[in-house]
There are 2 protein chains.
Amino acid sequence: MAKTASLFQLGMDLGSDPRKAQTEGQISNRTNVTSGPWRESQDDRKDHFIVRDGKVCAGTHLIVDLWGAERLDELDHVRSTLIESVEVAGATLLHIHLHHFTPNGGISGVAVLAESHISIHTWPERGYAALDIFMCGDAQPMKAIPVLERAFKPTGVKCDELLRGETGS
Amino acid sequence: MAKTASLFQLGMDLGSDPRKAQTEGQISNRTNVTSGPWRESQDDRKDHFIVRDGKVCAGTHLIVDLWGAERLDELDHVRSTLIESVEVAGATLLHIHLHHFTPNGGISGVAVLAESHISIHTWPERGYAALDIFMCGDAQPMKAIPVLERAFKPTGVKCDELLRGETGS
């Protein structure tokens, strides 16, 4: 218990705005991780620095745009697609939160991973979705792209790859 | 009530992993938004497409790296810094979730905004933090940078700006 003594959960509403409605799609998988610096411990954190092309870096960050996409207003579909994306990439889901702006409108959501995160923001009226997929450790974020293509059937996909935290050695 | 009938809240744990511990820093501000396509409604969604440099786009996405930074393992400090960043940028916080990998270890967190999101992932042992700040509408994400500098005192900051969802007209 001492190990988790400083960790606690806090949930509260910000104000009592009468416009507030329900937010859906919140899943938590709370993973305790042993303490100690990453070099010395075998903890469950999966965002250790890695070597890519001879360079030490934190991980790969994909900036993904979908155009001409479908089903961008379907909350369950977006949630299951994010979860499948996490699974095929070999990542570990810690928490997912989706916000549905209207029953037929846009969705903003994030999945927090042991290896970083996936975010999605959709504009169904334009068939457009902006995602970013940041994964560290051994996870393979590019494997999420075919999942997104199958789920949303975009007519166009743009994917830029960034290396994060590059140190050069 | 009809307006919110299709919205509901769902929260659950993923499995019963004995390693699971507490996750902290979860705040929700659930905003209901009137239905209808964005062109026709005056809803509260704040991620409408905007015109930047003559181009229609979804918004600005900052990719921010902090090096030589301090206090990257302090959960309350990270949370209050994210919240201040949202405020100074003129954005609206909907939900925040932070995961603390160890009492003295890294933090992964996201703030879901009416205008998109901010994410942060920290490696205290390297003094490194990877953030991304995606804001649509009238929010001004660059205003968050001085907040981050004051909070974490990095010796180096790298900030790349991406336009998301650019349509050219």
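Residues numbered from 1 in each chain as written. Chains lettered and ligands numbered in written order. Predicted model: local features only at pLDDT ≥ 70, side-chain atom pairs only at ≥ 80, totals over all residues. Heavy atoms only, no water.

**Description of the pairing of strand S9 (residues 128-136) of chain B**
Residues and elements named next belong to chain B. Of all nine residues that make up S9, nine are buried, and the element is covered over most of its length. Covered by surrounding structure in S9 are Tyr128, Ala130, Asp132, Phe134 and Cys136 together with Ala129, Leu131, Ile133 and Met135, the residues of both alternating faces. Bridge count for strand S8 (residues 116-123) against S9 is eight bridges, and the pairing is antiparallel. If you follow tryptophan 123 over to S9, its bridge partner there is tyrosine 128. Hairpin geometry of S8 and S9 is characterised by an intervening segment of four residues between the two adjacent antiparallel strands and by a positive phi of about 65 degrees at glycine 127. (Buried < 20%, exposed > 50% of the residue type's maximum accessible area, 1.4 Å probe, protein only. Helix = DSSP H or I, 4+ residues; strand = E, 2+ residues; numbered from the N terminus. Pairing = 2+ DSSP bridges.)

**A word on the pairing of strand S7 (residues 107-113) of chain A**
All names here are of chain A. Burial runs high along S7: seven of the seven residues are buried. Where strand S6 (residues 93-100) meets S7, seven bridges bridge the pair, whose relative direction is antiparallel. For leucine 98, the partnering residue across the bridge sits in S7 and is glycine 109. Two strands pair when backbone bridges link them, and S7 and strand S8 (residues 116-123) are joined in this way by six bridges, in the antiparallel orientation. Paired with leucine 113 across the two strands is serine 116, which belongs to S8. As consecutive antiparallel partners, S7 and S8 are separated by two residues.

**Some remarks on the packing of helix H1 (residues 75-88) of chain B against helix H2 (residues 144-152) of chain B**
Residues and elements named next belong to chain B. Running from amino to carboxyl end, H1 crosses H2 at an angle of 155 degrees, the nearest separation of the two axes being 8 Å. Between H1 and H2, the interaxial angle falls into the category roughly antiparallel. Classified by chirality, the crossing of H2 by H1 is right-handed. Residue-level inspection shows His77, Val78, Thr81, Glu84, Ser85 and Val88 of H1 in contact with H2, the latter providing Ala144, Val147, Leu148, Arg150, Ala151 and Phe152. In terms of residue class, the contact of H1 with H2 is built from seven nonpolar, three polar and two charged. (Axes fitted to C-alpha atoms, helices over the stretch in contact; angles between N-to-C directions. Parallel < 35°, antiparallel > 145°, perpendicular 65-115°, else oblique. Left-handed = near helix turned anticlockwise from the far one by under 90°. Contact = heavy atoms within 4.5 Å. Nonpolar A, V, L, I, M, F, W, Y, C, P; charged D, E, K, R; others polar.)

**What about unusual backbone geometry?**
At Lys153(A), a position not held by glycine, the phi torsion is positive, near 45 degrees. Position of Lys153(A) among the secondary structure elements: in the loop between helix H2 (144-152) and strand S10 (156-164). One non-glycine residue with positive phi stands out, namely Ser116(B), at about 130 degrees. With respect to the helices, strands and loops of the structure, Ser116(B) is situated in strand S8.

**Here we look at H2(A)**
All names here are of chain A. Burial in H2 covers these residues: Ala144, Ile145, Val147, Leu148, Ala151 and Phe152. Looking straight down H2, one finds its buried side chains confined to an arc of 160 degrees; they lie on one side. Buried positions along H2 lie against strand S5 (59-67), helix H1 (75-88), S8, strand S9 (128-136) and S10. One or two steps after H2, the chain reaches lysine 153, where phi turns positive at roughly 45 degrees. (Arc of directions from axis to C-beta.)

**Points about the UniProt feature "active site" (unreviewed entry) in chain A**
This chain's UniProt record puts "active site" (unreviewed entry) on Ser116(A), His121(A) and Cys136(A). Looking at where His121(A) falls in the secondary structure, it is placed in strand S8. If near-sequence neighbours (up to four positions away) are discounted, His121(A) is found in contact with Ile107(A), Ser108(A), Gly109(A), Tyr128(A), Ala129(A), Ala130(A), Ser116(B), His117(B) and Phe134(B). A distance of 2.7 Å separates polar atoms of two side chains, one belonging to His121(A) and the other to Ser108(A). The residue Cys136(A) is located in strand S9 in this model. Note on Cys136(A): relative accessible area 0%, which makes it buried. (UniProt positions renumbered as here; feature names shortened; annotations may be inferred. Polar contact = N/O pair within 3.5 Å; in protein donor to acceptor, adjacent residues only side chain to side chain.)

**Things to note about the side chain of His117(B)**
Mapped onto the elements of the fold, His117(B) is located in strand S8. At a separation of 2.7 Å, a polar atom in the side chain of His117(B) contacts the side chain of Asp132(B).

**Description of the packing of aromatic side chains**
All names here are of chain A. Summed over the entire model, instances satisfying the criterion amount to four aromatic pairs over all chains. Pairing tryptophan 123 with tyrosine 128 gives two aromatic rings, centres 5.4 Å apart and planes at 40 degrees, and the pair type is tilted. Here tryptophan 123 and tyrosine 128 have matching classes, each one buried. Among the aromatic side chains, those forming a connected cluster through ring pairs are Trp67, Trp123 and Tyr128. Over the aromatic face of phenylalanine 134 sits the side chain of arginine 164, whose NZ or CZ is 5.4 Å from the ring centroid. (Phe/Tyr/Trp six-rings, centres within 6.5 Å; stacked < 30°, edge-to-face > 60°. Lys NZ or Arg CZ within 6 Å of the ring centre and 35° of its normal.)

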